[in-house]
Amino acid sequence: MRLLLCVVFLAFFPAISHAAPDADLWPDWQAHDAQSTDVIDHSAWQAVLDLYLTVVEPGVTSFDYAAAKAEQSSGKGAVSTYIAAMVDLPIDQFNRDQQLAYWINLYNALTVKVVLDHYPVTSIRDIDISPGLFSSGPWGKKLITVEGRTLSLDDIEHRILRPIWNDPRIHYAVNCASVGCPALAADAYQADRVGDQLDQAATDFINHPRAIRPDGEGGFVLSSLYDWYRDDFGKRDADFVAHLLRFTGPELSGMLGNEGDFDIAGYEYDWALNAAQP
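Quick caveat, the model's predicted, so the values are computed rather than measured.

### Here's the deal with the overall build of the protein
Then, number 1: For the protein, the count of helices and strands is nine helices and seven strands.
Then, number 2: Over its C-alpha atoms the protein spans a radius of gyration of 19 Å, differing by no more than 12% from the 19 Å that the globule rule assigns to 278 residues.
Then, number 3: Taking all 278 residues of the protein together, 51% fall into the buried category.
Then, number 4: Within the protein, counting contacts between residues at least 6 apart in sequence, those at least 24 apart form 71% of the total.
Then, number 5: Accessible surface for the protein amounts to roughly 12800 Å². Of this, 52% is attributable to carbon and sulfur atoms.

Written out as structure tokens, the structure reads:
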């Protein structure tokens, strides 16, 4: 794949970059029970999604933070109750698929809770609670304790999900409450169909223009997701192209070409909050 050296575009935030942490496994979290048939109940999270999430178009959803914050019992309070139930579980006693659905749903619920705790905001990056002089946003803040260990959003994504499962589709499942992010799924992740759900999340995002679109001059503008986490999608250019083509529909496949030999003209990302419009 040919790469063009050019100015990187960051939509709406041109002067700010987002340095993605490396995947850094915390070995303790590898513990699981492959023989376990216990099922984790995510119906409380599903109830929140049913009430406050809207599918705007295929691959795009919005969340009504204003209503969820105002309606304590079914909104903000329900999110907190779900999280409290999740952190009380002995997660190391479940099988891998149960764990995967658990961590994705917990991450997404925590993200929603962080926004609700600070709403109204125009971007999650305005919630500057991470420790460290040069940190920004909420991702480094320790938010929960699971099995005696305190965890941040970064810990869940980069110390647990990415290094244990080594699956690029996880990037399409964890939501950062932003317009440019892969959509917050309308259905809670479930262990018995998590693979199909991850495929759908990847398909929905990749075929939307915010993931990859023509620049009008023969190249393509890609989501910054593919810049920040480039190696997760394939260390070689051919692997990255194969990943995209696995999920592209006919229209996008035709634009990219059978060999996927395309020029990257830049990257962009919209950090505006994925809030429902009044």
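Moving on from the model shown.
### Examining the sheet that holds strand β6 (residues 219-223)
Then, number 1: Strand order in the open sheet formed by three strands is β5-β6-β7, and the pairing between neighbours is mixed. At either margin of the open sheet sits one strand with a lone partner, and together these are β5 (212-214) and β7 (263-268). The mean angle between the axes of side-by-side strands here comes to 30 degrees, regardless of whether they run parallel or antiparallel.
Then, number 2: Inspection of the sheet shows β5 paired to β6 by three bridges, in the antiparallel sense. Bridging across to β6, Ile212 finds its partner in Leu222.

### Focus on the packing of aromatic side chains
Aromatic ring pairs are reported here in terms of the distance separating the ring centres and the angle at which the planes meet.
Then, number 1: Considering all chains together, one arrives at 16 aromatic pairs under this definition.
Then, number 2: With a centroid separation of 4.9 Å and an interplanar angle of 70 degrees, the aromatic rings of Tyr226 and Phe233 are classed as edge-to-face. One exposure class covers both Tyr226 and Phe233, and it is buried.
Then, number 3: What links up through ring pairs into an aromatic cluster is the set Tyr172, Phe205, Tyr226, Phe233 and Phe240.
Then, number 4: The ring of Trp165 has Arg96 lying over it, and the distance from NZ or CZ to the ring centre is 5.5 Å.
Then, number 5: A cation sits over an aromatic face here: Arg149 above Trp29, 3.9 Å from the ring centre.

### Focus on unusual backbone geometry
Then, number 1: Cis geometry marks the peptide bond from Tyr119 to Pro120; its omega dihedral reads 10 degrees.
Then, number 2: Here Pro120 lies in the loop between α4 (96-118) and β3 (142-146).
Then, number 3: For Asn166, which is not glycine, the phi dihedral falls at a positive 50 degrees.
Then, number 4: For Asn166, the position within the fold is in the loop between α5 (153-165) and α6 (194-206).
Then, number 5: In this structure Asn166 comes out as exposed when scored by relative accessible area, which is 66%.

### Structural notes on the side chain of Asp270
Then, number 1: Residue placement: Asp270 occurs in the segment after β7.
Then, number 2: Of the side chains with opposite charge, Arg210 lies nearest to the buried Asp270, which makes no salt bridge, at 8.5 Å.
Then, number 3: Of the polar contacts made by the side chain of Asp270, one reaches the backbone nitrogen of Ala272; its length is 2.9 Å.

### Focus: the nonpolar core
Then, number 1: Trp45, Trp103 and Tyr226 are the most contacted members of the largest nonpolar core, which has 83 residues in total.
Then, number 2: In terms of residues, this core owes the most to one element, α4, which gives 13 residues.
Then, number 3: Discounting residues that sit within four places of it in the chain, Tyr226 has contacts with Tyr172, Phe205, Ile206, Ala211, Phe233, Phe240, Leu244 and Tyr267.

### Some remarks on α6
Then, number 1: Along its 13 residues, α6 runs 18 Å from first to last C-alpha, staying within 8% of the 18 Å computed at 1.5 Å per residue.
Then, number 2: Restricting attention to buried positions, one finds in α6 the residues Val194, Gln197, Leu198, Ala201, Ala202, Phe205 and Ile206. Taken down its axis, α6 places every buried residue within 155 degrees of arc, on the same side.
Then, number 3: Residues of α6 that are buried make contact with α4, β5, β6, α7 (225-228), α8 (237-247) and α9 (250-256).

### A look at empty space enclosed by the protein
Then, number 1: A complete count under the given rule lists one cavity of 30 Å³ or more for this structure.
Then, number 2: Of the voids in this model, the largest cavity is the one considered here, and its volume is about 30 Å³.
Then, number 3: Along the walls of the largest cavity sit Asp28, Trp29, Ala31, Ile91, Asp92, Gln99, Trp103, Glu147 and Arg149, which together make up its complete lining.
Then, number 4: Grouping the amino acids of the lining of the largest cavity by side-chain chemistry returns four nonpolar, one polar and four charged.

### Quick look at the side chain of His208
Then, number 1: The topology assignment puts His208 in the loop between α6 and β5.
Then, number 2: Note on His208: relative accessible area 16%, which makes it buried.

Cut-offs used in this document
Residues numbered from 1 in each chain as written. Predicted model: local features only at pLDDT ≥ 70, side-chain atom pairs only at ≥ 80, totals over all residues. Heavy atoms only, no water. Helix = DSSP H or I, 4+ residues; strand = E, 2+ residues; numbered from the N terminus. Rg over C-alpha atoms; globule rule 2.2 N^0.38 Å. Buried < 20%, exposed > 50% of the residue type's maximum accessible area, 1.4 Å probe, protein only. Contact = heavy atoms within 4.5 Å. Areas by Shrake-Rupley, 256 points an atom, 1.4 Å probe, with all protein chains shown as cover. Pairing = 2+ DSSP bridges. Axes fitted to C-alpha atoms, helices over the stretch in contact; angles between N-to-C directions. Phe/Tyr/Trp six-rings, centres within 6.5 Å; stacked < 30°, edge-to-face > 60°. Lys NZ or Arg CZ within 6 Å of the ring centre and 35° of its normal. Lys, Arg positive; Asp, Glu negative; His and termini not counted. Salt bridge = Lys/Arg side-chain N within 4 Å of Asp/Glu carboxyl O. Polar contact = N/O pair within 3.5 Å; in protein donor to acceptor, adjacent residues only side chain to side chain. Core = buried A, V, L, I, M, F, W, Y, C linked by side-chain atoms within 4.5 Å. Expected span 1.5 Å × (residues − 1). Arc of directions from axis to C-beta. 1 Å grid on protein atoms, 1.4 Å probe; cavity = no way out; pocket = protein on both sides within 12 Å on 5 of 7 lines; lining within 4 Å. Points joined across faces, edges and corners; volume = space filled by probe spheres on them. Nonpolar A, V, L, I, M, F, W, Y, C, P; charged D, E, K, R; others polar.

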